[in-house]
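Below, each chain spelled out in residue letters.
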Amino acid sequence: MKPQDIVTGKTSLWIFGYGSLVWKPDFKYRRSNVGYIQGYKRRFWHGDNFHRGNDDLPGRVVTLIEEDDASTWGVAFEVTGSQVEESLKYLNVRETVCGGYSTKMVDFFPEGENEPPVQAMLYIATSDNPLYLGPASPEEIGVQIAVSRGKTGHNLEYLLRLAEFMRSKCPHVEDHHLFSIEAAALTVVSCLLAAQ
């Protein structure tokens, strides 16, 4: 689904972020809410040869994998008026052209008991994407993240900022995949520093 198909005739749009968007949206928005989507799990299964890696050593960034009983926590940003077009123009380059993601609409559940769900657009990379790397052990992913760097910065920064977001904004959520990769990557970095 293309972003322009989603927003035709809309003056407001929610955009759900579950990776770097949670700490670095880089677009103007009216408001944001922490919350979750259902039916998806976050996984470091997508390759990145631009922002957090290169062609020789792609980094690993997150995508969503469908799983009925899963949920993924992140941030939804509401864009209104001219922000809709501006944010989608920016995100089309950041997530689609450079990242290989496509868009999808999902129900977003804001944190809090009295908040109704809202429809939100998200970016997702599927297994038919050429940058899709698929599953690997936390140790393999941790090594790849520890040594990869792209035009936006070190892949380790991406991992650590996402883990910090989860600890500070969603402390009640245990993301075993994320935290096991964080531990593995930090072990690799410690070994690399000790070897110097």
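For the structure itself, consult the block above.
### Structural notes on the packing of aromatic side chains
So, point 1. Applying the stated criterion to the full structure yields nine aromatic pairs.
So, point 2. Summarising the aromatic geometry, the rings of Phe 16 and Phe 108 are spaced 5.6 Å apart at their centres and angled 45° between planes, so their arrangement reads as tilted. With a gap of 92 residues between them, Phe 16 in strand β1 (residues 12-17) and Phe 108 in strand β4 (residues 102-110) connect regions that are remote in the sequence.
So, point 3. A relative accessible area of 0% means that Phe 108 is categorised as buried.
So, point 4. For the ring pair Phe 27 and Phe 77, a centre distance of 5.6 Å and an interplane angle of 75° mean the geometry is edge-to-face. Taken together, the residues Phe 27 in the loop between β1 and β2 (31-48) and Phe 77 in strand β3 (residues 59-80) connect sequence positions 50 residues apart. The pair Phe 27 / Phe 77 is uniform in exposure class, with both members buried.

### Regarding helix α3 (residues 138-147)
So, point 1. Of the positions making up α3, those classed as buried are Ile 141, Gly 142, Gln 144, Ile 145 and Ala 146.
So, point 2. Its buried side turned inward, α3 meets β2, β3, α4 (155-169) and α5 (176-194).

So, how was this worked out
- Residues numbered from 1 in each chain as written.
- Predicted model: local features only at pLDDT ≥ 70, side-chain atom pairs only at ≥ 80, totals over all residues.
- Heavy atoms only, no water.
- Phe/Tyr/Trp six-rings, centres within 6.5 Å; stacked < 30°, edge-to-face > 60°.
- Helix = DSSP H or I, 4+ residues; strand = E, 2+ residues; numbered from the N terminus.
- Buried < 20%, exposed > 50% of the residue type's maximum accessible area, 1.4 Å probe, protein only.
- Contact = heavy atoms within 4.5 Å.

Keep in mind these numbers describe shape, not what the thing actually does.
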